[in-house]
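Working through the structure, step by step
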Amino acid sequence: MSTLEKSASYGTKPKNLSRQHTFSQIWQRLILFNTLLDSRFEDLKKETWIKTTYRDMSAGLIVALTAIPMAMGFAMAMGLRPEQGIIAGALACVIGRTWGGSKYQVYGPTAAFIPIIGGLIAKYGEASGGTLAEAHGFLVFVSIIAGIILMLMGVFGLGKYAKWVPNSIIVGFTVGIAVAIALSNFESILGIESYQDLLGEDEEIKGGILHNLAVALGNFDKINGWSVVLGLGTFLVTKLLLRISIFIPAPLLSIALSTVLAATVWNDKHVILVKDIYGSIPNNFFVFTPPVLPVMTSGVVLDVVYFVFGIVFVSAVESVLCSSMADRMANNRGTPFNPDKEFWGQGLVQVFTPMLNGFPCTGALARTATSIKAGAVTPLAGYFKAFFKLSLAYYIAHYLEMVPMACIGGILLWVASNMIKVSEIKEVINHNRFHAVLMVFTAVMVPATDFLTGVLSALIIFFVARRFF
């Protein structure tokens, strides 16, 4: 009896055949991952390519107009410079749309990364005796490691496991991040001029919410009423315009209105502008940043593990969640998104985007939804978004530095409010009590402690207790 027959008789496969099958699968995935004109472009047909291209171009323009102020706000909330958000969003979209696994997904800075990147910049940057360049170099280092892990996850077909994270933890995590963002931007909206030990940009974002609030309450005498009007006005005008039409670039228009007011009728009201904190905004966006590794200690090693895990977790879960949502929203009847290819694309985004003056990015739910509603059909929309974003930012860089900080706070407050979906919370509550408690636990732990503690403790509780509930 042959080896193959013996194996068949015992219901097993020969080890060499199993190994060959695994290598074959990996090789096929690598070929698929690096096939740039794949089935994601299936809707770009010969008879309708002009109409499809126009739809993608118009969608890209609308998303670019919306994304510029949001990208600046995310970057500043992370402790980085505003132009770094612009380049990160544009470059991530080009890389993600080239190698990613979704036809519709828009890549860029997302709120979920704020506590992770903000915590790193605060711990290794100027607030702790270092420099922004050193902190960003360390961010490049951990992001490259995270990117390689994501690429390997895609190569070995682990994309399906991202769906194991229960919806209750995802919703709780989202609510917790929204609360942290809202609280950490009060100083910008209130126009508090003292930036020492206050809530937000200059203090480590992870944890310490109660302490931050106590300090902020003790500085109410520094509040600038005009900044409050501009910040809340930006928030309200943005929401109002988007209720009228999704096609209106509401964040850009509301910030433009507030900037004009601050530069004219309120120019003597001591409103803090972006240039007061960050100086002028350059338009030479692409600056190579090599990875920087601090002196290795046990604390640095733990930080590497912490930040790498955070980047991998957010990238994996949010990209799969966003891709799945995009297919449903677009009523995709063609090729569905490929989670393994998505991991490969996400990995490349995390490897290369930070090295060119950016930072880690992932699939952006709100911008993806805007792109789909604006008519996007193929990945071309992402390329148009990147082109328009860089072109617009290049020519209006001088005006962007005149934006009041209160407006950035208002935009991030709008982002935080959009992150909390009442329908999703009700869905978790109606599912069962265990998941409702898990959601509340995660939502409280993330802003009260830090990202890793909140999410990991919730995951441990879920996997240990799920069999009993």
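Throughout what follows, the structure given in this document is the object of discussion. None of these values were measured; they are calculated from a predicted model. (Residues numbered from 1 in each chain as written. Predicted model: local features only at pLDDT ≥ 70, side-chain atom pairs only at ≥ 80, totals over all residues. Heavy atoms only, no water.)

Here's the deal with the overall build of the protein
A tally of regular secondary structure across the protein gives 20 helices and two strands. Among the 469 residues that make up the protein, the fraction classed as buried is 56%. Across the protein, every contact between residues at least 6 apart in sequence was considered, and the portion connecting residues at least 24 apart equals 83%. As displayed, the protein has an accessible area near 20700 Å², and 67% of this comes from carbon and sulfur atoms. (Helix = DSSP H or I, 4+ residues; strand = E, 2+ residues; numbered from the N terminus. Buried < 20%, exposed > 50% of the residue type's maximum accessible area, 1.4 Å probe, protein only. Contact = heavy atoms within 4.5 Å. Areas by Shrake-Rupley, 256 points an atom, 1.4 Å probe, with all protein chains shown as cover.)

A few points about a nonpolar patch on the surface
On the surface, Ile 148, Leu 152, Phe 156, Leu 158, Tyr 161, Trp 164 and Phe 463 cluster together to form a nonpolar patch covering roughly 690 Å² of accessible area. One can find Phe 156 in the loop between helix H6 (132–155) and helix H7 (167–184). (Patch = residues over 30% accessible without salt bridge, like charges linked within 9 Å, V, L, I, M, F, W, Y side chains within 5 Å. Salt bridge = Lys/Arg side-chain N within 4 Å of Asp/Glu carboxyl O.)

Remarks on the pattern of salt bridges
It is possible for side chains of opposite charge to pair when their charged atoms get near one another. If you walk through the whole model with that rule in mind, you get seven salt bridges. Of the charged contacts in the structure, one is a salt bridge between Arg 29 and Asp 340, with a shortest N-O distance of 4.0 Å. Here Arg 29, found in helix H2 (residues 15–33), pairs with Asp 340, found in helix H14 (residues 339–352); they are 311 residues apart in sequence, far enough to count as distant. On the basis of relative accessible area, Asp 340 is assigned to the buried category, the value being 14%. Via salt bridges that share partners, Asp 38, Arg 40 and Lys 341 belong to a single interconnected network.

Observations concerning the environment of Tyr 278
With respect to the helices and strands, Tyr 278 occurs in helix H12 (residues 274–278). With 197 residues separating them along the chain, Tyr 278 and Arg 81 place their C-alpha atoms 6.8 Å apart.

Looking at the nonpolar core
With 99 residues, the main nonpolar core has Val 142 and Phe 359 as its most contacted residues. Ignoring any residue separated from it by four or fewer positions in sequence, one finds Phe 359 in contact with Ala 75, Met 78, Leu 80, Gln 84, Gly 85, Ala 88, Pro 109, Ile 117, Leu 139, Thr 353 and Pro 354. Residues Leu 230, Ala 262, Trp 266 and Ala 406 belong to the second largest nonpolar core, which totals six residues. (Core = buried A, V, L, I, M, F, W, Y, C linked by side-chain atoms within 4.5 Å.)

What to know about unusual backbone geometry
Phi at His 270 is positive, roughly 60 degrees, even though this residue is not glycine. When you line up the elements, His 270 lands in the loop between helix H11 (250–263) and H12. Look at Asn 357: it is not a glycine, yet its phi comes out positive at around 75 degrees. Tracing the chain through its elements places Asn 357 in the loop between H14 and strand S2 (362–363). Owing to a relative accessible area of 11%, Asn 357 belongs among the buried residues under this scheme.

Details of the side chain of Thr 370
Note that Thr 370 resides in helix H15 (residues 365–373). Residue Thr 370 is classed as buried on the basis of its relative accessible area, which comes to 12%. In this structure the side chain of Thr 370 is engaged in a polar contact, spanning 2.9 Å, whose partner is the backbone oxygen of Ala 366. If we ignore the near neighbours within four places in the chain, the residues touching Thr 370 are Ile 62, Val 63 and Ile 246. (Polar contact = N/O pair within 3.5 Å; in protein donor to acceptor, adjacent residues only side chain to side chain.)

Brief notes about the packing of aromatic side chains
One pass over the full model with this rule turns up 11 aromatic pairs. For the pair Tyr 306 and Phe 307, a centre-to-centre distance of 4.9 Å together with 85 degrees between the ring planes defines the contact as edge-to-face. Phe 307 shares its class with Tyr 306; the two are buried. Judged by centre distance (5.0 Å) and plane angle (65 degrees), the rings of Phe 462 and Phe 463 are edge-to-face. (Phe/Tyr/Trp six-rings, centres within 6.5 Å; stacked < 30°, edge-to-face > 60°.)

Points about the packing of helix H4 (residues 82–99) against helix H16 (residues 380–400)
Look at H4 against H16: their axes get within 8 Å of each other, and the N-to-C directions meet at 165 degrees. Relative to H16, the element H4 lies roughly antiparallel. Regarding H4 and H16, the two cross each other, and that crossing is left-handed. Here Gly 85, Ile 86, Ile 87, Gly 89, Ala 90, Cys 93, Val 94, Arg 97 and Thr 98 of H4 lie close against H16, whose contacting residues are Leu 380, Ala 381, Gly 382, Tyr 383, Lys 385, Ala 386, Lys 389, Leu 390, Ala 393 and Leu 400. Its residues placed into classes, the contact of H4 with H16 shows 12 nonpolar, four polar and three charged. (Axes fitted to C-alpha atoms, helices over the stretch in contact; angles between N-to-C directions. Parallel < 35°, antiparallel > 145°, perpendicular 65-115°, else oblique. Left-handed = near helix turned anticlockwise from the far one by under 90°. Nonpolar A, V, L, I, M, F, W, Y, C, P; charged D, E, K, R; others polar.)

Examining the packing of helix H3 (residues 49–77) against helix H17 (residues 405–419)
When two helices pack together, you describe them by how their axes are tilted relative to each other and by the distance separating the axes. The interhelical angle for the contact between H3 and H17, taken along N-to-C directions, is 95 degrees, at an axis separation of 9 Å. In terms of orientation, H3 lies roughly perpendicular with respect to H17. Facing Pro 69, Met 70, Gly 73, Phe 74, Met 76 and Ala 77 of H3, the residues of H17 in contact are Met 405, Ile 408, Ile 411, Leu 412, Trp 414 and Val 415. In the contact of H3 with H17, the residues fall into 11 nonpolar, one polar and no charged.

What to know about the side chain of Thr 238
Following the sequence through the fold, Thr 238 ends up in helix H10 (residues 225–244). In this structure the side chain of Thr 238 is engaged in a polar contact, spanning 2.7 Å, whose partner is the backbone oxygen of Thr 234. In this structure Thr 238 touches Ala 250, Pro 251, Ser 254, Ile 411 and Trp 414, once residues within four positions along its chain are discounted.

Details of the state of the cysteines
Following the criterion strictly, the structure yields zero disulfides and no others. In this structure Cys 361 is not part of a disulfide, and its nearest cysteine sulfur, from Cys 93, lies 9.4 Å away. A relative accessible area of 0% places Cys 361 in the buried class. (Disulfide = S-S within 2.5 Å.)

What about H7?
Look at H7: 25 Å from first C-alpha to last across 18 residues, which is about the 26 Å you get at 1.5 Å a residue. Burial analysis of H7 places 16 of its 18 residues in the buried class, which makes it a mostly covered element. (Expected span 1.5 Å × (residues − 1).)

Thoughts on the environment of Arg 29
Placed 315 residues apart in sequence, Arg 29 and Trp 344 show a C-alpha to C-alpha distance of 9.7 Å. Among all residues touching Arg 29, those that are not within four sequence positions of it are Gly 154, Val 155, Phe 156, Gly 157 and Asp 340.

What to know about the environment of Gly 125
One can find Gly 125 in the loop between helix H5 (114–124) and H6. Those residues within four positions of Gly 125 in sequence are excluded, and the remaining contacts are Leu 120, Gly 130, Thr 131 and Ala 135.

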